[in-house]
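Observations on the three-dimensional arrangement
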Amino acid sequence: MATACESRQFAMVAVAVDLEVHGVAWSKNAGPDVLARRAWRLADVEPRLDDLTLRAWVTHDGTETEIQHGTLGELLTPAYWVDVLRSRDALTPGTVLISGTIPMAPGVDQFADAWRVELGDPATGDTIRLAYDVRPMPEPIG
């Protein structure tokens, strides 16, 4: 889940993906995170935030397999992260925070040819979708 913070009134909720292949620090420097093109205003979904669903699928050789399925109730809340950013004097307009992930299904290889992710609102039936193909990077030197 990603939360974009300008103020509590204008905070947004979306879905994003990052993938660590060779370690967190290396991957953060090697490639950008993928962020959905739409978001919901936090104020619009906050009363039911814990009920929003997160699902993800990976594709290997043309076969899609679900790798994640859960709810935002499994993550720390946007309010928690806003407080953390504020305490570090880092809550500035335009900030996008990618807050974490739900557990992956055991035995499913996350290093796939493609990913598809959905953030769903069961109360409205609305879904934010994100999909992308993976281009493997060369092995790190050293």
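Values in this document were obtained by computation on a predicted structure and should not be read as measured data. (Residues numbered from 1 in each chain as written. Predicted model: local features only at pLDDT ≥ 70, side-chain atom pairs only at ≥ 80, totals over all residues. Heavy atoms only, no water.)

Looking now at the overall build of the chain. From N to C terminus, the chain includes three helices and 10 strands. Written out in order from the N terminus, the α and β elements of the chain read β-β-β-α-β-β-α-β-β-α-β-β-β. For the chain, the proportion of its 142 residues judged to be buried stands at 33%. Here the analysis covers contacts within the chain between residues at least 6 apart in sequence; of these, 64% occur between residues at least 24 apart. Of the roughly 8600 Å² that the chain leaves accessible, carbon and sulfur atoms contribute 53%. (Helix = DSSP H or I, 4+ residues; strand = E, 2+ residues; numbered from the N terminus. Buried < 20%, exposed > 50% of the residue type's maximum accessible area, 1.4 Å probe, protein only. Contact = heavy atoms within 4.5 Å. Areas by Shrake-Rupley, 256 points an atom, 1.4 Å probe, with all protein chains shown as cover.)

Further remarks concern the pattern of salt bridges. What the rule picks out here adds up to eight salt bridges. R116 is the partner of E64 in a salt bridge, and the nearest nitrogen-oxygen pair spans 2.8 Å. Highlighted residues: E64 in strand β7 (residues 63-71) and R116 in strand β9 (residues 114-121), separated in sequence by 52 residues. Residue classification places E64 among the partly exposed residues on the basis of a relative accessible area of 40%. R116 sits in the partly exposed class, given a relative accessible area of 26%. A salt bridge links R86 to D83; the shortest N-O distance between them is 3.5 Å. With R86 and D83 both in helix α3 (residues 78-87), this residue pair falls three residues apart, about one helical turn. Several salt bridges converge on common partners, so that one network encompasses E64, R116, E118 and R129. (Salt bridge = Lys/Arg side-chain N within 4 Å of Asp/Glu carboxyl O.)

What follows covers the environment of T53. Inspection of the secondary structure assignment puts T53 in strand β6 (residues 53-60). Under the relative-accessibility criterion, T53 is labelled partly exposed at 23%. For T53 and P122, which are 69 residues apart along the polypeptide, the C-alpha to C-alpha distance reads 7.5 Å. The contacts of T53, once residues within four sequence positions are left out, are G70, T71, E118, L119, G120 and P122.

In this structure, W40, L49, L52, L54, L72, W115 and L119 are the most contacted members of the largest nonpolar core, which totals 20 residues. The set of elements that each furnish at least two residues to this core consists of α2 (42-45), β6, β9 and β10 (126-133). (Core = buried A, V, L, I, M, F, W, Y, C linked by side-chain atoms within 4.5 Å.)

The next thing to look at is unusual backbone geometry. Its identity is not glycine, yet D61 carries a phi of approximately 50°, on the positive side. Examined against the element boundaries, D61 turns out to sit in the loop between β6 and β7. Of note in the backbone geometry, D89 takes a positive phi value of approximately 55° without being a glycine. Within the secondary structure, D89 is located in the loop between α3 and β8 (95-98).

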